[in-house]
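# Inside the fold
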Amino acid sequence: HHFTHLDSTNTFAIKMARQGGKQGTVVHADQQSCGRGRGEKQFLSPIGGLYFSLILRPKLPLQHLPLITLAAGVGLSRGIAQTFAIPVQLKWPNDLYINNKKLAGILTETGPFHGGQTDFVVVGIGINISTPTAEFPPELQEKTTTLHEVTGTTITAAALLPILVDNLLNAIKQLCGTLIEKNALLDEWRNKDYLLGKPLNYINAGKTVPAKGAGLADDGRYVIIDHHQTQHTITAGDLSPITVS
């Protein structure tokens, strides 16, 4: 379902899911006026990006739902690597990075729960394809990159979309498969962990804690070690990498 403009592909996809939209349904917009990021942050969605949402109806226990965002990151990284032969790193829990800059973000939202399972999950994706970084706000220009900037090649959103959707669905299928398949998926995420060993600030509830990344826990939470060498396994908050010049 393609639109030239939407307020939010996730909002539209959630409405479709509530009305019975099937697994694999895609809502794609050339531009969003009210794109959402994690924690109700605004996700800027100018012309030149790929913005889409995917309806899923996974058979997963409640405790495994946070792994969907991680699986989506793996699927997207596979699709980009397949298309451009460039390595993509994953920043917990929902960002894709190339060359120490953010390339894409993921927003996962769930439907109502019945019998310990959710009716549906909507995974929203925003990828910077060719928008000139000069068009982003000044505070984001040095932190953001695009596929065109990295590769020097041009690809349309319409050409990239089916490749990414196919890889996303395969990653979700792997997550919902056997324990061996799920663990292999998480190991692949770990091999692309952008924050591992890096200095960062953990920001939560108005507090900032200097720390470093220590890796992904089996349940999808992230482990950090603070400046007192105390280990924390976190479920919420922002992990902001510290750029060392």
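Described below are features of the structure shown in this document. Please read all numbers here as calculations on a predicted model, not as lab measurements.

For the rest of this paragraph, the subject is the packing of helix H5 (residues 157-175) against helix H6 (residues 179-191). Taken N-terminus to C-terminus, the directions of H5 and H6 make an angle of 125°; their axes are 7 Å apart at the nearest point. With respect to each other, H5 and H6 are oriented oblique. Where H5 abuts H6, its residues Ala171, Gln174 and Leu175 lie against Glu181, Lys182, Ala184 and Leu185. Classifying every residue of the contact of H5 with H6 by side-chain character gives four nonpolar, one polar and two charged.

Another aspect to go through is the sheet that holds strand E4 (residues 89-91). Taken together, seven strands build an open sheet; the order of strands is E1-E2-E3-E9-E6-E5-E4 and the sheet is mixed. In this open sheet, the two strands that pair with only one neighbour each are strand E1 (2-3) and E4. Summarising the sheet, strand E3 (residues 49-56) and strand E9 (residues 121-128) pair through eight bridges and their orientation is antiparallel. Across the sheet, the residue bridging to Tyr51 is Gly126, located in E9. Against the sheet, helix H1 (residues 9-18) touches E1, strand E2 (26-29), E3, strand E6 (101-110) and E9, its axis set at about 20° to E3. In this fold helix H2 (residues 67-84) packs onto E3, E4, strand E5 (95-98), E6 and E9, with an angle of close to 140° to the strand it touches most, E6.

The five strands are arranged E13-E12-E11-E10-E14 in an open sheet whose pairing can be described as antiparallel. Two strands bound the open sheet, and with one partner strand each, they are strand E13 (231-234) and strand E14 (238-241). Averaged over all neighbouring strand pairs, the angle between strand axes comes to 45°, with direction disregarded. When strand E11 (residues 207-216) meets strand E12 (residues 222-226), the two strands line up antiparallel, connected through five bridges. What sits directly across from Lys212, in E12, is Ile225.

Here the focus is H2. Under the 1.5 Å per step criterion, the end-to-end length of H2 is 26 Å for 18 residues, consistent within 8% with the ideal 26 Å. Ala85 sits one or two positions beyond H2 and adopts a positive phi of about 55°.

What follows concerns the pattern of salt bridges. For the structure on display, the rule yields seven salt bridges. Here Lys102 makes a salt bridge to Asp95, at a shortest N to O gap of 3.3 Å. Taking the shortest distance from any N to any O, the salt bridge between Lys192 and Glu188 comes out at 3.2 Å. We classify Lys192 as buried; its relative accessible area is 18%.

For the rest of this paragraph, the subject is unusual backbone geometry. Cis geometry marks the peptide bond from Trp92 to Pro93, where omega comes out at -5°. Here Pro93 lies in the loop between E4 and E5. A positive phi angle, close to 65°, is found at Gln229, a residue other than glycine. You can see Gln229 is positioned in the loop between E12 and E13.

With respect to the helices and strands, Ser33 occurs in the loop between E2 and E3. As for Ser33 and Ser8, which are separated by 25 residues in sequence, their C-alpha atoms are 6.9 Å apart. In this structure, Ser33 is in contact with His5, Leu6 and Asp7, ignoring residues within four places of it in sequence.

Definitions and cut-offs
- Residues numbered from 1 in each chain as written.
- Predicted model: local features only at pLDDT ≥ 70, side-chain atom pairs only at ≥ 80, totals over all residues.
- Heavy atoms only, no water.
- Axes fitted to C-alpha atoms, helices over the stretch in contact; angles between N-to-C directions.
- Helix = DSSP H or I, 4+ residues; strand = E, 2+ residues; numbered from the N terminus.
- Parallel < 35°, antiparallel > 145°, perpendicular 65-115°, else oblique.
- Contact = heavy atoms within 4.5 Å.
- Nonpolar A, V, L, I, M, F, W, Y, C, P; charged D, E, K, R; others polar.
- Pairing = 2+ DSSP bridges.
- Expected span 1.5 Å × (residues − 1).
- Salt bridge = Lys/Arg side-chain N within 4 Å of Asp/Glu carboxyl O.
- Buried < 20%, exposed > 50% of the residue type's maximum accessible area, 1.4 Å probe, protein only.

Everything listed here is a matter of geometry and, on its own, says nothing about what the molecule does.
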